[in-house]
Amino acid sequence: MARILFNHVFKRYGKDRFPVVNDFNLEIHDSEFMVFVGPSGCGKSTTLRMVAGLEDISKGEIYIDDRLINDLPPKDRDIAMVFQNYALYPNMSVYENIAFGLRLRKMPKHEIDLSVKKASRVLEIEPFLDRKPKMLSGGQRQRVALGRAIVREPQVFLMDEPLSNLDAKLRVQMRTEIIKLHKQLGVTTIYVTHDQTEAMTMGNRIVVMKDGLIQQVDTPERIYNSPANTFVAGFIGSPPMNFIEGRLEEHEGRLEFHTNRFALEIPEGKAAALRERYLVNKVVLLGIRPENASVDPIMSAAFPKAIIPGIHLLSELMGADRFLYLDIGGKSNLIVRVNPRNMYDEDMKIEVSVDMNKILFFDRDSGIRLID
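The numbering scheme is per chain: residues are counted from 1 as the chain's sequence reads. Only residues with pLDDT of at least 70 are given local features in this predicted model, and only at 80 or more are side-chain atom pairs given and counted; all residues enter the totals for whole chains, interfaces and linings. Excluding hydrogens and water, the side-chain figures rest on all heavy atoms present in the structure.

### Brief notes about the side chain of Arg205
Runs of H or I in DSSP of at least four residues are treated as helices and runs of E of at least two as strands, each being numbered from the N terminus. Among the secondary structure elements, Arg205 is positioned in strand β9 (residues 205-210). Counting of polar contacts relies on pairs of N or O atoms within 3.5 Å, with two restrictions inside protein: one atom must be capable of donating a hydrogen and the other of accepting it, and residues adjacent in sequence are counted only when both atoms are side-chain atoms. From its side chain, Arg205 meets the backbone oxygen of Glu27 in a polar contact 2.7 Å long.

Structure, rendered in C-alpha cells:
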C-alpha cells in the first residue's frame, strides 16, 4: 500500500491571495483511513485534489511512499478518486463504467469480468449492471462510483464527500460498507467530509481544518475528549460543547470558577494544573459537554459544589435523548442531555450538576485548551 506525506504544502489562487491551504504538514500511515473534516471552504477538498493532481501545488511537497508526486500527471499517481457527483459516463452501462479503468490497462477480459462482478456483489448492484446511470437512484450511482474505484486496486483511495447526496438511512449503510471495504482491502484512504458523524465513526485519525489550517490531528476519541481549541470542541459533537466565561478565584483554599450567578468548585488535580499555569484570577472559558451536565440527583450528590441554576427555554427530543436549552445568565446558554421520558415546562427553574472531572478550560482570546 502507501504512506502519504505532506511537507509544508500551500495552495493559493493568485500571488497576493490568502492561502486556501496554509502550511499543511501531515503524515498518513500505510493502510490508514484518514478523514479530513471541517466547514465548507476550509480547504479540505482542495488538499485532496492536490493529491489527485487535479489542483497544482503552490508551494511544498507531497509524497506517496518516497515518490514526489508534485509534477506527476494524475494517471501516473496510482490513485482512485470517488467524487460527490458520481462522475459516471452517461452513455455507458454500470458494467462498462466499472470496467472502464481496467480496460484502459488492457487487463484480460475474464479478469475484468471477475473484478466487476466481485465489486458489484460487495456493493449490491449486481441487478443493475446492464443499466445506464440515468436509470439509477443517487445511492445506486454512488455505489457504481465506489465499484469503479475498488476494481482498480490503487495505492490510494481519495473520497470527496461521497455520501453527501444520499438519504440518511443509506448514508449509515454505506458508511458501514466503506469501513468493511477498507478493512478487507487495506488501501490507504483519505476521506473528505463536513459531517462530523462520518468523521467520528469512520476515521482511524481525523484532521480538523479551518481556514486552510490544521486545527488538530488525532484519533476520534482524543478529538472529542481532548479538543485542542474551542473551534474543534464546538465543531465536533452534537449538540456542541457548552462554553461559559468566568474567572478562576481562590476561596478558602479551594479554586473555583466564578460567574455573576454561580461558582463551581474545581477538583484538586485540575486546580493544581491551573495554578501551575498562573491562571488564578484570570478570565477563561469553561467547556462542558451536554452529557457531562445533569439534572439527576445522583450527580448533585457527587458534585454538591458544582451546581448551575438555569431557566428552561426549550427542549429537543432526539429519540433516545432529550436536550434541554437553559438560560444561565449573561450571554451563555447551557445544553444538557436528560432522560427523554422526562418533561419540563417552559420557564421552569432547573438546577444542573456538572461532572467536574470532565470539564475543560480554554484561553478566552486564543481559544487554546489550557490544561489536559
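And the narrative resumes.
### Here's the deal with the packing of helix α2 (residues 94-104) against helix α4 (residues 138-151)
To get an axis, fit a line to the C-alpha atoms, keeping to the stretch in contact for a helix; angles then go from 0 to 180 degrees between the N-to-C directions. Contact geometry for α2 and α4: axes closest at 8 Å, N-to-C directions at 30 degrees. Judged by the inter-axis angle, α2 sits roughly parallel to α4. Of the two elements, α2 crosses α4, and the hand of that crossing is right-handed. Side by side, α2 and α4 meet where Val94, Asn97, Ile98 and Leu102 of the first sit next to Val144, Gly147, Arg148 and Val151 of the second. Looking at the contact of α2 with α4 residue by residue, the classes come out as five nonpolar, two polar and one charged. Any angle from 65 to 115 degrees is called roughly perpendicular, while one under 35 is roughly parallel, one over 145 is roughly antiparallel, and all others are oblique. Note: crossing handedness is left-handed where the near helix turns anticlockwise from the far helix by less than a right angle, and right-handed where it turns clockwise. We call two residues in contact when some of their heavy atoms are within 4.5 Å. In this classification, Asp, Glu, Lys and Arg are treated as charged, Ala, Val, Leu, Ile, Met, Phe, Trp, Tyr, Cys and Pro as nonpolar, and every other residue, Gly included, as polar.

### Notes on the nonpolar core
Membership of the largest hydrophobic core comes to 45 residues, with the highest contact counts inside it found for Val94, Ile98, Ile178 and Tyr191. The leading source of residues in this core is α4, at six residues. Leave out the neighbours within four places in its chain, and Tyr191 touches Phe33, Met34, Val35, Phe36, Met159, Pro162, Leu163, Ile178, Glu198 and Met202. Within this scheme, the nonpolar core is defined by two criteria: the residues are buried Ala, Val, Leu, Ile, Met, Phe, Trp, Tyr or Cys, and they are joined through side-chain atoms within 4.5 Å. Relative accessibility decides the category of a residue: with a 1.4 Å probe and only protein chains considered, values under 20% of the type maximum give buried, values over 50% give exposed, and everything between is partly exposed. One finds Leu279, Ile288, Ala293 and Tyr344 within the second-largest nonpolar core, a separate group that totals 33 residues.

### Concerning the sheet that holds strand β4 (residues 59-64)
Strand order in the open sheet made by the four strands is β2-β1-β4-β5, with antiparallel pairing throughout. Every other strand in the sheet has two partners, leaving β2 (21-28) and β5 (67-68) as the edge strands with one partner each. Any two strands are treated as partners once DSSP identifies two or more bridges connecting them. When β4 meets β5, the two strands line up antiparallel, connected through two bridges. Bridge pairing links Ile64 to Arg67 in β5.

The values are spatial; any link to function lies outside them.
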